[in-house]
Amino acid sequence: MKKITLALVALFATNFAIGQAKEGQLSKKKWLIEANTGFGDNVGNTSLYFSSKDGKTSYNVGLEGGYFIKDNLALKLGLGFGETSGSASNDPIAYKIGVKYYFKKMIPIELSYNGIGIGDTDANPRSIGLQAGYAIFIGKNISIEPGVRYNKALYNQYFDDSFQFNIGFALHL
């Protein structure tokens, strides 16, 4: 038991040591390009997603980009496209606009406005999303950012609030 405890402490210490940003990845005038995986309800999703359930296949592809207007603070835009087989609705185009702040250079917190453009504009899902996670910098320009996200639906008569788990892959330029 003692060996397992020591191994876990060593693992967390190593992750903490390599998990922090170095060499200005989060500095003013730097760029951020992200690809996220999405697990959970995918309203306003700009991530990579694939699901097959009850004979229906759904997928989503998307990317997000950001520009650091201040150290640790980036303005972000995202765009995604998704499709569900056998669906009578139009293929949705997802969008996201928001800000991302890296607290202590390793805890990314994001606030964003998300939406999907399909069919009737009054029934399009829109939400305000709040996301938090942990940034593990595995190289000079690459980080992996697991996190959780909560989307508060703006039109509850059409859509519900949703909760997501994401794993993000970020390129810092």
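Whatever comes next refers back to the structure up there.
Computed from a predicted model, the values in this text were never measured in an experiment. (Residues numbered from 1 in each chain as written. Predicted model: local features only at pLDDT ≥ 70, side-chain atom pairs only at ≥ 80, totals over all residues. Heavy atoms only, no water.)

Draft legend 1. Highlighting the overall build of the protein chain. Each helix and strand counted, the protein chain has one helix and 10 strands in total. Moving toward the C terminus, one meets the helices and strands of the protein chain in the order α-β-β-β-β-β-β-β-β-β-β. By residue count, 35% of the 173 residues in the protein chain fall in the buried class. Looking at the protein chain alone, contacts between residues at least 24 apart form 52% of all its contacts between residues at least 6 apart. Accessible surface, the protein chain as shown: approximately 10,000 Å² in total, 67% of it carbon and sulfur. (Helix = DSSP H or I, 4+ residues; strand = E, 2+ residues; numbered from the N terminus. Buried < 20%, exposed > 50% of the residue type's maximum accessible area, 1.4 Å probe, protein only. Contact = heavy atoms within 4.5 Å. Areas by Shrake-Rupley, 256 points an atom, 1.4 Å probe, with all protein chains shown as cover.)

Draft legend 2. Seen up close, the pairing of strand 3 (residues 56-70). Here strand 2 (residues 49-53) pairs with strand 3 via five bridges, running antiparallel. When the sheet's bridge partners are listed, lysine 53 is paired in strand 3 with lysine 56. Linking strand 2 to strand 3, which pair antiparallel, is a turn of two residues; within it aspartate 54 sits at a positive phi near 55°. Note: strand 3 against strand 4 (residues 73-84), 12 bridges, orientation antiparallel. Across the sheet, the residue bridging to glycine 65 is leucine 77, located in strand 4. Following strand 3, the chain reverses through two residues before pairing antiparallel with strand 4; asparagine 72 in that reversal takes a positive phi of roughly 70°. (Pairing = 2+ DSSP bridges.)

Draft legend 3. Representation of the pairing of strand 7 (residues 126-133) in the model. In terms of strand pairing, strand 6 (residues 107-117) meets strand 7 through seven bridges, oriented antiparallel. In the sheet register, glycine 115 faces strand 7, and the bridge partner there is arginine 126. Pairing of strand 7 with strand 9 (residues 142-153), which is carried by seven bridges, proceeds in the antiparallel orientation. Note that in strand 9 the partner of glycine 133 across the bridge is glycine 147.

Draft legend 4. Here's a closer look at the pattern of salt bridges. With the rule as written, the count across this model stands at nine salt bridges. The salt bridge partner of lysine 76 is glutamate 34, with a shortest N-O separation of 2.3 Å. Remark: glutamate 34 occurs in strand 1 (residues 31-40) and lysine 76 occurs in strand 4; sequence separation between them is 42 residues. With respect to burial, lysine 76 and glutamate 34 carry one shared label: buried. Overlapping salt bridges, with partners in common, bring together Glu34, Glu64, Lys76, Lys96, Lys100, Glu110, Glu145 and Arg149 in one network. (Salt bridge = Lys/Arg side-chain N within 4 Å of Asp/Glu carboxyl O.)

Geometric values such as these leave the question of function open.
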